[in-house]
Amino acid sequence: MQIDMHYYGVFAIARSAGLTREAARIIATASQFVDDNAQTNGMEFPSAATMSTEPTAHHTTSVKNIDGESQRKVWVPFHFLPGNEGESFTERLVCRQDSKIARALRAHHLSLSDKAFYLELVGVLAHVYADTFSHYGFSGVSSRTNKVVNDSFEYRDLEPEIEAYIEKKKQRFFEKYGTGWVRNIKSFLAEAASGALGHGAAVTLPDRPYLSWRFMYENGEDSGWRDNPATFLEACKQLHAVFKLVAAQRPDLADVEQQREWADLEETVKAILATQGDKQTRIQAWQAACANGDILTIAESIPDYVDWNAGFEHINESTAPEEMMSLPSYRFYQAASYHRWYVLRELLPSYDLMVV
C-alpha cells in the first residue's frame, strides 16, 4: 500500500470510527512514516542523553536491502509479517492475509492503551496489519519464493490508458533498478532488486487498490487472480474495527459525533478503492469523500501529510531531552522499537519462527 491508503485512507477511517481529529492525524502519520523513516543517525545531547533512530524502511536503492540482518529487522516486522503457512522455513516467512500472527499482533498492541506511545503504536499496527492484505504471497527476505516471471502479468477490467501507465512504470523500474546502477554491483544485489526481496518483481502492483491481476512465480506456481479491490476493502473494514476499539478503550481520544458504522461507509470506500489512476488521484478521492460528508457525519478536510523527518531540522544538541521526548516523532521511535522487539523476540518465536 502507498500513501493514499497508509495516510489518507487511515485518517478517514480512523475519524469515521470515532477518533478525534488529532488522534487520527497521529495514527495516520505514524502509519505512513513506517514507509518514510529511513533515519539511521542518532543524536547525543550535552547532558549525555541519547536518542536512537532505527529505520523502519530503506530506500529502493539502498544497499541495506540486500543485508540479511536489515531485511529481518526492517522488512519482516514492518512490511511482510510472516503468515506461518507451509513446510519450509522460507515458506512460513511468506506474508498471508489477516493471518493468525497478524490477529495476535493486533490484539497485543491494542492491549497497550496506557502507553505514552499508544497512538503511534496503533499507527505502526495499522501499517503492518494493512500490508498483510496487499503484500501476501511475498516475504521480507531475499528468497526464491519471491521470484516472478516478468512477462507473466495479466490484468482484468483495466482501462487501456491505466494499463499503459502501469506497463510504463514497470518498464522504468526494471530499466532503473535492473540494468542501470545495479549491473555494476554483485549479482546478488541485482537479484534482490529484481524480485528476491519482497514484491520487488511485481513492482507496485500489490499496492494499487483498483487492480485485479495475476502472474506466475518462477517456481511454476500460479498466483491466481489477486483481487486488490476486495482485499483492500477488507483491510479498511478491519482497520475500522481496530479504531473503534481504540475509541472505546480511550474515551479521551473519542469523537462520537463523527463515528459511523462500517455498513454506512462500505459503498463509499469501495468506490474510492475502485478509482483507477495514480496515487494522487486516489488521494483526491479520499479527500473529496471527507470534504463532501460521504464518509464522516460532519464534513471536514483531511490534513496534509507532514513527514516527521522534517522535525529533525529543528532539533540540535541544545534541544532539551524533555522537549524531545514530548514529540510524536520520538514516541514513534519508541513505538517502532517496541514493535520490532515484540514481533521478532516474542510473537514470532511463539509460533516457532526464529528470525533473529
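Residues numbered from 1 in each chain as written. Predicted model: local features only at pLDDT ≥ 70, side-chain atom pairs only at ≥ 80, totals over all residues. Heavy atoms only, no water.

With that settled, consider the layout of surface pockets. Roughly 240 Å³ of volume is contained in the second largest pocket. Lining the second largest pocket we find 14 residues, and of these Val94, Arg96, Gly137, Tyr217 and Glu221 sit closest to its centre. For the lining of the second largest pocket, the class distribution of residues is three nonpolar, five polar and six charged. (1 Å grid on protein atoms, 1.4 Å probe; cavity = no way out; pocket = protein on both sides within 12 Å on 5 of 7 lines; lining within 4 Å. Points joined across faces, edges and corners; volume = space filled by probe spheres on them. Nonpolar A, V, L, I, M, F, W, Y, C, P; charged D, E, K, R; others polar.)

So, about the pattern of salt bridges. Scanning the model with the defined rule gives 12 salt bridges in all. Measuring nitrogen to oxygen at the nearest pair gives 2.7 Å for the salt bridge that ties Glu22 to Arg25. Remark: Arg25 and Glu22 occur in helix H2 (residues 21–36); sequence separation between them is three residues, near one turn of the helix. The partly exposed category is assigned to Arg25, whose relative accessible area is 25%. One connected set of salt bridges, linked through shared partners, spans Arg15, Arg21, Asp255 and Glu300. (Salt bridge = Lys/Arg side-chain N within 4 Å of Asp/Glu carboxyl O. Helix = DSSP H or I, 4+ residues; strand = E, 2+ residues; numbered from the N terminus. Buried < 20%, exposed > 50% of the residue type's maximum accessible area, 1.4 Å probe, protein only.)

Now for the environment of Arg331. Within the fold, Arg331 resides in helix H13 (residues 328–347). Overall, the relative accessible area of 16% leaves Arg331 in the buried class. Linking Arg331 and Leu121, residues 210 residues apart in sequence, is a C-alpha distance of 8.5 Å. Here Ser326 takes part through its backbone oxygen, which lies 2.8 Å from a polar atom of the side chain of Arg331. (Polar contact = N/O pair within 3.5 Å; in protein donor to acceptor, adjacent residues only side chain to side chain.)

A few words on the packing of aromatic side chains. Applying the stated criterion to the full structure yields 15 aromatic pairs. Centroid distance Phe33 to Trp308: 5.6 Å. Interplanar angle 75 degrees. Geometry classified as edge-to-face. Linking Phe33 in helix H2 with Trp308 in the loop between helix H11 (279–291) and helix H12 (321–325), this pair joins segments that are 275 residues apart in sequence. Grouping residues by exposure puts Phe33 and Trp308 together as buried. Taken together, the aromatic side chains of Phe138, Phe153, Trp213, Phe215 and Tyr217 make up a single cluster linked through ring pairs. Of note, Arg156 hangs over the ring of Trp225, and the distance from its end group to the ring centre comes to 4.2 Å. (Phe/Tyr/Trp six-rings, centres within 6.5 Å; stacked < 30°, edge-to-face > 60°. Lys NZ or Arg CZ within 6 Å of the ring centre and 35° of its normal.)

Next up on the list: a positive patch on the surface. Where like charges cluster on the molecular surface, the positive patch consists of Lys168, Lys169, Arg172 and Lys279. Per-element tally for the positive patch: the top contributor is helix H7 (residues 160–178), with three residues. Within the secondary structure layout, Lys279 lies in helix H11. (Patch = residues over 30% accessible without salt bridge, like charges linked within 9 Å, V, L, I, M, F, W, Y side chains within 5 Å. Areas by Shrake-Rupley, 256 points an atom, 1.4 Å probe, with all protein chains shown as cover. Lys, Arg positive; Asp, Glu negative; His and termini not counted. Charge placed at Lys NZ, Arg CZ, Asp CG, Glu CD.)

The next subject is the nonpolar core. Judged by nonpolar contacts, the single largest core of 78 residues is most densely connected at Leu19, Leu239, Phe243, Trp286 and Phe332. In terms of residues, this core owes the most to one element, helix H6 (residues 118–131), which gives 10 residues. Beyond its immediate chain neighbours, meaning those up to four positions away, Leu19 contacts Ala14, Ile27, Phe243, Val246, Ala247, Leu253, Ala254 and Asp255. Core analysis: the second largest hydrophobic core is formed by 19 residues, Ala57, Val74, Ile162 and Val203 among them. (Core = buried A, V, L, I, M, F, W, Y, C linked by side-chain atoms within 4.5 Å. Contact = heavy atoms within 4.5 Å.)

Moving on, we get to the sheet that holds strand E5 (residues 226–227). Reading across the sheet, the three strands line up as E3-E4-E5 and stay open at both edges, with antiparallel pairing between neighbours. Unpaired on one side and paired on the other, strand E3 (154–156) and E5 mark the two borders of the sheet. Pairing geometry for strand E4 (residues 212–214) and E5, over two bridges, is antiparallel. For Ser212, the partnering residue across the bridge sits in E5 and is Asp227. (Pairing = 2+ DSSP bridges.)

The next thing to look at is the side chain of Thr132. The topology assignment puts Thr132 in the loop between H6 and E3. When its relative accessible area of 0% is taken as the criterion, Thr132 is described as buried. Thr132 has contacts with Leu81, Cys95, Arg96, Gln97, Asp98 and Ala102, leaving out every residue within four places of it along the chain.

Another point: the packing of helix H1 (residues 3–16) against H11. Two elements in contact, H1 and H11, have axes whose closest approach is 9 Å; the angle formed by their N-to-C orientations is 5 degrees. For the element pair H1 / H11, the angle class is roughly parallel. Side by side, H1 and H11 meet where Ile3, Asp4, Met5, Tyr8, Gly9, Ala12 and Ile13 of the first sit next to Lys279, Arg282, Ile283, Trp286, Gln287 and Cys290 of the second. Here the contact of H1 with H11 is composed, by residue class, of eight nonpolar, two polar and three charged. (Axes fitted to C-alpha atoms, helices over the stretch in contact; angles between N-to-C directions. Parallel < 35°, antiparallel > 145°, perpendicular 65-115°, else oblique.)

Residues lying three or four places apart along an α-helix face the same way, a consequence of the helix completing one turn every 3.6 residues. Listed as buried for helix H5 (residues 100–110) are Ile101, Ala102, Leu105, Arg106, His108, His109 and Leu110. Among the structural elements, H6, helix H9 (228–249) and H13 are those in contact with the buried residues of H5.

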